[in-house]
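Remarks on the overall topology
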Amino acid sequence: MSQATLPLSRSRFTLGRARYSLGPWARIAGLTVCALLTLGPVVWTVSTSLRTPADSFNLPPQIIPSHPSTAAYRGVFDQIDVWLLALNSTLVTALIAIGQMITAGLAGYAFARLDFRFKKPLFGLVLATMMVPLQVTIVPVFLVLKSMGLTDTLLGLIIPAFPTAFGTFLMRQYFLGMPKDLGEAAMLDGAGPWRIFRSVYAPLARPGLAIVGVLAFNYHWNEFFRPLILETSGQNYTLPLGLVSLQGNLGTGSISVVLAGVVLSMIPAVAVFVVGQRPLREGITSAGVNR
(Lines give C-alpha, C1' and ligand atoms only; values in the text may rest on other atoms or scores of the structure.)
Protein backbone atom coordinates (compact mmCIF):
# COMPACT_ATOMS: atom_id res chain seq x y z
CA MET A 1 0.00 0.00 0.00
CA SER A 2 1.40 3.41 -0.96
CA GLN A 3 1.81 6.17 1.57
CA ALA A 4 -0.66 8.34 -0.41
CA THR A 5 -3.52 5.98 0.39
CA LEU A 6 -2.77 5.79 4.13
CA PRO A 7 -4.11 9.26 5.03
CA LEU A 8 -7.29 8.55 3.00
CA SER A 9 -7.91 5.24 4.75
CA ARG A 10 -7.23 6.79 8.14
CA SER A 11 -9.68 9.62 7.43
CA ARG A 12 -12.39 7.15 6.45
CA PHE A 13 -11.72 5.15 9.61
CA THR A 14 -11.92 8.34 11.69
CA LEU A 15 -15.24 9.33 10.07
CA GLY A 16 -16.62 5.83 10.68
CA ARG A 17 -15.67 6.01 14.34
CA ALA A 18 -17.24 9.49 14.62
CA ARG A 19 -20.51 8.32 13.09
CA TYR A 20 -20.58 5.29 15.38
CA SER A 21 -19.90 7.40 18.45
CA LEU A 22 -22.50 10.02 17.52
CA GLY A 23 -25.22 7.42 16.98
CA PRO A 24 -26.12 6.76 20.66
CA TRP A 25 -25.83 10.45 21.53
CA ALA A 26 -28.20 11.37 18.71
CA ARG A 27 -30.75 8.87 19.97
CA ILE A 28 -30.38 10.15 23.53
CA ALA A 29 -30.84 13.72 22.33
CA GLY A 30 -33.95 12.77 20.37
CA LEU A 31 -35.45 10.91 23.32
CA THR A 32 -34.67 13.84 25.59
CA VAL A 33 -36.51 16.25 23.30
CA CYS A 34 -39.52 13.90 23.14
CA ALA A 35 -39.51 13.55 26.93
CA LEU A 36 -39.43 17.32 27.39
CA LEU A 37 -42.31 17.80 24.96
CA THR A 38 -44.34 15.11 26.75
CA LEU A 39 -43.56 16.00 30.36
CA GLY A 40 -43.38 19.75 29.86
CA PRO A 41 -47.12 20.40 30.18
CA VAL A 42 -47.31 18.09 33.20
CA VAL A 43 -44.44 19.88 34.96
CA TRP A 44 -45.99 23.24 34.14
CA THR A 45 -49.38 22.12 35.51
CA VAL A 46 -47.85 20.93 38.80
CA SER A 47 -45.75 24.09 39.07
CA THR A 48 -48.70 26.41 38.48
CA SER A 49 -50.84 24.53 41.01
CA LEU A 50 -48.25 25.38 43.69
CA ARG A 51 -48.32 29.09 43.00
CA THR A 52 -50.50 31.78 44.47
CA PRO A 53 -53.12 33.31 42.14
CA ALA A 54 -51.06 36.50 41.95
CA ASP A 55 -47.98 34.59 40.73
CA SER A 56 -49.83 32.52 38.11
CA PHE A 57 -49.39 35.08 35.32
CA ASN A 58 -45.95 36.46 36.13
CA LEU A 59 -43.65 37.25 33.21
CA PRO A 60 -41.18 35.78 32.63
CA PRO A 61 -42.79 32.55 33.90
CA GLN A 62 -40.99 30.53 36.55
CA ILE A 63 -40.95 26.75 36.45
CA ILE A 64 -40.03 26.56 40.14
CA PRO A 65 -42.40 28.74 42.22
CA SER A 66 -40.64 31.36 44.30
CA HIS A 67 -43.13 30.90 47.15
CA PRO A 68 -44.71 27.41 46.88
CA SER A 69 -48.13 27.13 48.46
CA THR A 70 -50.75 24.38 48.82
CA ALA A 71 -53.59 26.89 49.16
CA ALA A 72 -54.91 25.92 45.72
CA TYR A 73 -55.32 22.28 46.81
CA ARG A 74 -57.18 23.39 49.93
CA GLY A 75 -59.38 25.49 47.69
CA VAL A 76 -60.26 22.42 45.61
CA PHE A 77 -61.35 20.46 48.69
CA ASP A 78 -63.33 23.46 49.93
CA GLN A 79 -65.26 23.96 46.69
CA ILE A 80 -66.06 20.37 45.66
CA ASP A 81 -66.44 17.03 47.43
CA VAL A 82 -63.26 15.45 46.09
CA TRP A 83 -63.59 12.25 48.12
CA LEU A 84 -67.09 11.48 46.82
CA LEU A 85 -66.12 12.25 43.24
CA ALA A 86 -62.98 10.12 43.51
CA LEU A 87 -64.96 7.25 45.04
CA ASN A 88 -67.50 7.35 42.20
CA SER A 89 -64.76 7.47 39.57
CA THR A 90 -62.82 4.64 41.20
CA LEU A 91 -65.89 2.43 41.45
CA VAL A 92 -66.98 3.09 37.87
CA THR A 93 -63.58 2.73 36.23
CA ALA A 94 -62.50 -0.32 38.25
CA LEU A 95 -65.69 -2.25 37.46
CA ILE A 96 -65.54 -1.23 33.80
CA ALA A 97 -61.90 -2.37 33.57
CA ILE A 98 -62.72 -5.73 35.16
CA GLY A 99 -65.81 -6.15 32.99
CA GLN A 100 -63.92 -5.36 29.79
CA MET A 101 -61.16 -7.80 30.71
CA ILE A 102 -63.77 -10.56 31.15
CA THR A 103 -65.82 -9.81 28.04
CA ALA A 104 -62.77 -9.18 25.83
CA GLY A 105 -61.10 -12.38 27.02
CA LEU A 106 -64.15 -14.54 26.41
CA ALA A 107 -65.08 -12.94 23.08
CA GLY A 108 -61.50 -12.94 21.82
CA TYR A 109 -61.10 -16.62 22.69
CA ALA A 110 -64.39 -17.49 20.99
CA PHE A 111 -63.46 -15.70 17.76
CA ALA A 112 -59.94 -17.15 17.79
CA ARG A 113 -60.40 -20.78 18.86
CA LEU A 114 -64.05 -21.81 18.54
CA ASP A 115 -65.86 -22.72 15.33
CA PHE A 116 -69.44 -21.54 14.93
CA ARG A 117 -71.69 -20.24 12.19
CA PHE A 118 -71.29 -16.69 10.92
CA LYS A 119 -68.09 -16.22 12.92
CA LYS A 120 -66.38 -13.99 10.35
CA PRO A 121 -69.45 -11.77 9.67
CA LEU A 122 -70.01 -11.34 13.40
CA PHE A 123 -66.39 -10.40 13.96
CA GLY A 124 -66.62 -7.93 11.10
CA LEU A 125 -69.71 -6.46 12.74
CA VAL A 126 -67.80 -6.10 16.00
CA LEU A 127 -64.99 -4.26 14.22
CA ALA A 128 -67.51 -2.06 12.43
CA THR A 129 -68.74 -0.72 15.77
CA MET A 130 -65.30 0.85 16.28
CA MET A 131 -66.09 3.28 13.45
CA VAL A 132 -69.36 4.47 15.04
CA PRO A 133 -68.75 7.53 17.25
CA LEU A 134 -70.13 7.63 20.76
CA GLN A 135 -72.26 10.67 19.95
CA VAL A 136 -74.32 8.57 17.53
CA THR A 137 -75.20 5.84 20.03
CA ILE A 138 -75.64 7.91 23.19
CA VAL A 139 -79.32 8.70 22.52
CA PRO A 140 -80.41 5.04 21.99
CA VAL A 141 -78.34 4.03 25.02
CA PHE A 142 -79.99 6.75 27.09
CA LEU A 143 -83.48 5.61 26.04
CA VAL A 144 -82.70 1.98 26.89
CA LEU A 145 -81.29 2.96 30.29
CA LYS A 146 -84.32 5.16 30.94
CA SER A 147 -86.68 2.26 30.22
CA MET A 148 -84.69 0.15 32.69
CA GLY A 149 -84.60 2.88 35.34
CA LEU A 150 -80.80 3.13 35.25
CA THR A 151 -80.42 6.78 34.30
CA ASP A 152 -78.67 8.96 36.86
CA THR A 153 -77.10 5.86 38.44
CA LEU A 154 -73.56 4.54 38.47
CA LEU A 155 -74.78 1.26 36.98
CA GLY A 156 -75.93 3.22 33.97
CA LEU A 157 -72.31 4.20 33.39
CA ILE A 158 -70.83 0.78 34.12
CA ILE A 159 -72.98 -1.80 32.32
CA PRO A 160 -73.06 -0.24 28.79
CA ALA A 161 -69.25 0.04 28.84
CA PHE A 162 -68.61 -3.69 29.33
CA PRO A 163 -68.51 -4.60 25.61
CA THR A 164 -65.30 -3.46 23.96
CA ALA A 165 -64.62 -3.90 20.25
CA PHE A 166 -60.95 -2.95 20.52
CA GLY A 167 -60.41 -5.29 23.47
CA THR A 168 -62.08 -8.13 21.57
CA PHE A 169 -59.86 -7.52 18.55
CA LEU A 170 -56.75 -7.31 20.73
CA MET A 171 -57.48 -10.53 22.60
CA ARG A 172 -58.43 -12.38 19.42
CA GLN A 173 -55.06 -11.53 17.91
CA TYR A 174 -53.37 -12.53 21.16
CA PHE A 175 -55.09 -15.94 21.26
CA LEU A 176 -54.32 -16.54 17.57
CA GLY A 177 -50.62 -16.18 18.39
CA MET A 178 -50.76 -19.02 20.91
CA PRO A 179 -49.99 -22.59 19.79
CA LYS A 180 -52.96 -24.84 19.11
CA ASP A 181 -51.09 -27.86 20.51
CA LEU A 182 -51.83 -26.77 24.07
CA GLY A 183 -55.58 -26.78 23.52
CA GLU A 184 -55.49 -30.04 21.56
CA ALA A 185 -53.51 -31.76 24.32
CA ALA A 186 -56.01 -30.60 26.92
CA MET A 187 -58.87 -31.77 24.71
CA LEU A 188 -57.33 -35.23 24.49
CA ASP A 189 -57.29 -35.29 28.29
CA GLY A 190 -61.05 -34.70 28.31
CA ALA A 191 -61.14 -30.93 28.92
CA GLY A 192 -64.00 -28.96 27.44
CA PRO A 193 -63.84 -25.50 25.79
CA TRP A 194 -64.43 -23.68 29.08
CA ARG A 195 -61.80 -25.74 30.93
CA ILE A 196 -59.30 -25.21 28.10
CA PHE A 197 -59.86 -21.47 28.23
CA ARG A 198 -59.73 -21.19 32.01
CA SER A 199 -56.78 -23.52 32.66
CA VAL A 200 -54.66 -23.26 29.52
CA TYR A 201 -55.15 -20.07 27.54
CA ALA A 202 -56.34 -17.58 30.14
CA PRO A 203 -53.10 -17.73 32.21
CA LEU A 204 -51.07 -17.14 29.05
CA ALA A 205 -53.29 -14.22 28.10
CA ARG A 206 -52.55 -12.17 31.23
CA PRO A 207 -50.38 -9.62 29.36
CA GLY A 208 -53.16 -8.93 26.87
CA LEU A 209 -55.76 -8.74 29.62
CA ALA A 210 -53.51 -6.35 31.54
CA ILE A 211 -53.31 -4.09 28.50
CA VAL A 212 -57.10 -4.11 28.14
CA GLY A 213 -57.55 -3.30 31.84
CA VAL A 214 -55.02 -0.46 31.91
CA LEU A 215 -56.38 1.14 28.73
CA ALA A 216 -59.96 0.84 29.97
CA PHE A 217 -59.07 2.39 33.33
CA ASN A 218 -57.22 5.34 31.81
CA TYR A 219 -59.93 6.02 29.23
CA HIS A 220 -62.93 5.85 31.54
CA TRP A 221 -61.19 7.65 34.40
CA ASN A 222 -60.93 10.70 32.13
CA GLU A 223 -64.31 10.17 30.46
CA PHE A 224 -66.52 13.24 30.40
CA PHE A 225 -69.17 12.94 27.69
CA ARG A 226 -71.15 9.93 28.94
CA PRO A 227 -71.32 11.07 32.58
CA LEU A 228 -72.41 14.51 31.36
CA ILE A 229 -75.38 13.00 29.49
CA LEU A 230 -76.35 10.17 31.85
CA GLU A 231 -75.84 11.78 35.28
CA THR A 232 -77.88 14.69 36.61
CA SER A 233 -77.45 14.63 40.39
CA GLY A 234 -74.21 15.72 41.99
CA GLN A 235 -73.94 12.65 44.21
CA ASN A 236 -73.36 10.49 41.10
CA TYR A 237 -70.83 12.79 39.42
CA THR A 238 -67.44 11.41 38.50
CA LEU A 239 -64.24 13.37 39.09
CA PRO A 240 -63.88 14.88 35.57
CA LEU A 241 -67.49 16.04 35.70
CA GLY A 242 -67.10 17.53 39.17
CA LEU A 243 -63.97 19.45 38.18
CA VAL A 244 -66.03 21.51 35.74
CA SER A 245 -67.38 23.53 38.66
CA LEU A 246 -63.83 24.80 39.26
CA GLN A 247 -63.95 26.77 36.02
CA GLY A 248 -65.52 29.64 37.92
CA ASN A 249 -62.10 30.34 39.39
CA LEU A 250 -60.84 31.38 35.97
CA GLY A 251 -62.97 34.51 36.17
CA THR A 252 -61.16 35.59 39.33
CA GLY A 253 -57.71 34.68 38.01
CA SER A 254 -57.29 31.68 40.31
CA ILE A 255 -55.99 29.36 37.62
CA SER A 256 -53.90 27.56 40.25
CA VAL A 257 -57.09 26.13 41.81
CA VAL A 258 -58.21 24.69 38.47
CA LEU A 259 -54.82 23.13 37.79
CA ALA A 260 -54.66 21.77 41.33
CA GLY A 261 -57.85 19.86 40.58
CA VAL A 262 -56.29 18.58 37.36
CA VAL A 263 -53.24 17.35 39.28
CA LEU A 264 -55.43 15.53 41.79
CA SER A 265 -57.29 13.82 38.95
CA MET A 266 -54.01 12.65 37.37
CA ILE A 267 -52.70 10.89 40.48
CA PRO A 268 -54.79 7.65 40.19
CA ALA A 269 -54.05 7.26 36.47
CA VAL A 270 -50.31 7.68 37.08
CA ALA A 271 -50.47 5.23 40.00
CA VAL A 272 -52.20 2.60 37.85
CA PHE A 273 -49.57 3.08 35.13
CA VAL A 274 -46.68 2.72 37.59
CA VAL A 275 -48.14 -0.28 39.45
CA GLY A 276 -49.24 -2.02 36.25
CA GLN A 277 -45.80 -2.00 34.64
CA ARG A 278 -44.34 -4.86 36.66
CA PRO A 279 -47.25 -7.35 36.28
CA LEU A 280 -47.39 -6.55 32.58
CA ARG A 281 -43.64 -7.12 32.12
CA GLU A 282 -43.70 -10.34 34.14
CA GLY A 283 -46.71 -11.58 32.20
CA ILE A 284 -45.02 -10.96 28.87
CA THR A 285 -41.89 -12.79 30.04
CA SER A 286 -43.84 -15.80 31.33
CA ALA A 287 -45.91 -15.96 28.18
CA GLY A 288 -42.76 -16.00 26.05
CA VAL A 289 -41.31 -18.84 28.15
CA ASN A 290 -44.52 -20.85 27.91
CA ARG A 291 -44.55 -20.49 24.17
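Quick note: structure is the one above.
All of the points below concern the structure found in this document. (Residues numbered from 1 in each chain as written. Predicted model: local features only at pLDDT ≥ 70, side-chain atom pairs only at ≥ 80, totals over all residues. Heavy atoms only, no water.)

1. Quick notes on the overall build of the protein
Put simply, the test is: Strands here are runs of E lasting at least two residues and helices are runs of H or I lasting at least four, both read from the DSSP assignment and numbered beginning at the N terminus. We call a residue buried when its accessible area falls under 20% of the maximum for its residue type, exposed when it is over 50%, and partly exposed in between, using a 1.4 Å probe and counting protein chains only. We call two residues in contact when some of their heavy atoms are within 4.5 Å. All accessible-area figures derive from a Shrake-Rupley calculation using a 1.4 Å probe, and residue coverage is judged against the displayed protein chains alone.
Helix and strand counts for the protein come out as 13 helices and 0 strands. Ordered by position from N to C terminus, the α and β elements of the protein give α-α-α-α-α-α-α-α-α-α-α-α-α. Within the protein, buried positions represent 33% of all 291 residues. Across the protein, every contact between residues at least 6 apart in sequence was considered, and the portion connecting residues at least 24 apart equals 74%. As displayed, the protein offers around 18000 Å² of accessible surface, 70% of which is attributable to carbon and sulfur atoms.

2. Some words on the nonpolar core
For the record, the criterion: Take the buried residues of types Ala, Val, Leu, Ile, Met, Phe, Trp, Tyr and Cys, join any two whose side-chain atoms come within 4.5 Å, and each joined set is a nonpolar core.
Judged by nonpolar contacts, the single largest core of 18 residues is most densely connected at Tyr-109, Met-171, Phe-175, Met-178, Ile-196, Tyr-201 and Ala-205. Mapped onto this core, the elements with two or more residues apiece are helix H3 (82-113), helix H7 (165-176), helix H9 (193-204) and helix H10 (206-221). Counting residues per element, this core draws most heavily on H9, at 6 residues. Look past the residues within four positions of Phe-175 in its chain and what remains in contact with it is Gly-105, Gly-108, Tyr-109, Ala-112, Arg-113, Phe-197, Tyr-201 and Ala-205.

3. Notes on the side chain of Arg-51
We apply this condition: Think of a polar contact as two N or O atoms within 3.5 Å of one another; within protein, one of them needs to be a possible hydrogen donor and the other a possible acceptor, and neighboring residues in sequence only count if both atoms come from side chains.
In this fold, Arg-51 is placed in the loop between helix H1 (5-49) and helix H2 (71-79). Among the polar contacts made by the side chain of Arg-51, one reaches the side chain of Ser-47 at a distance of 3.3 Å.

4. Section: the packing of H7 against H10
To keep it simple, the criterion reads: For helices, the fitted line uses only the C-alpha atoms of the stretch in contact; every axis is such a line through C-alpha atoms, and the angle between N-to-C directions lies from 0 to 180 degrees. Oblique is the label for any angle not under 35 degrees, not over 145, and not in the 65 to 115 range, which are roughly parallel, roughly antiparallel and roughly perpendicular in turn. A crossing counts as left-handed when the near helix is turned anticlockwise from the far one by less than a right angle, and as right-handed when that turn is clockwise. Note that Gly is not counted as nonpolar here; it falls among the polar residues with everything else outside the nonpolar set of Ala, Val, Leu, Ile, Met, Phe, Trp, Tyr, Cys and Pro and the charged set of Asp, Glu, Lys and Arg.
At a closest axis distance of 10 Å, the pairing of H7 and H10 adopts a crossing angle of 165°. Taken as axis vectors, H7 and H10 run roughly antiparallel relative to one another. Crossing of H7 over H10 shows right-handed handedness. Taking contact as the criterion, the partners of Phe-166, Gly-167, Leu-170, Met-171 and Tyr-174 in H7 are, on H10, Pro-207, Gly-208, Leu-209, Ile-211, Val-212 and Leu-215. Here the contact of H7 with H10 is built from residues that sort into 9 nonpolar, 2 polar and no charged.

5. Points about the environment of Ala-71
With respect to the element layout, Ala-71 can be found in helix H2. Spatially, the C-alpha atoms of Ala-71 and Leu-50 are 7.8 Å apart, while their sequence positions differ by 21 residues.

6. Some details on the side chain of Thr-45
Among the secondary structure elements, Thr-45 is positioned in helix H1. The class for Thr-45 is buried, based on a relative accessible area of 15%. Aside from chain neighbours lying at most four places away, what touches Thr-45 is Leu-259, Val-262 and Val-263.

7. Side note on H7
Threshold: In a helix, the anticipated span is given by 1.5 Å times the number of residues less one.
Here H7 contains 12 residues, and its C-alpha end-to-end distance of 17 Å stays within 8% of the 16 Å for a straight helix at 1.5 Å per residue. For H7, the full list of buried residues reads Ala-165, Gly-167, Thr-168, Met-171, Arg-172, Tyr-174 and Phe-175.

8. Observations regarding the pattern of salt bridges
The condition that has to hold: The working definition used for a salt bridge is a side-chain nitrogen of Lys or Arg within 4 Å of a carboxyl oxygen of Asp or Glu.
Counted according to the given criterion, the structure contains 2 salt bridges. The salt bridge partner of Asp-115 is Lys-119, with a shortest N-O separation of 3.6 Å. By relative accessible area, Asp-115 is classed as exposed at 73%. In this structure Lys-119 comes out as buried when scored by relative accessible area, which is 19%. With a closest N to O distance of 2.6 Å, Arg-226 and Glu-223 form a salt bridge. For the residue pair Arg-226 and Glu-223, the accessibility class agrees, reading buried in each case.

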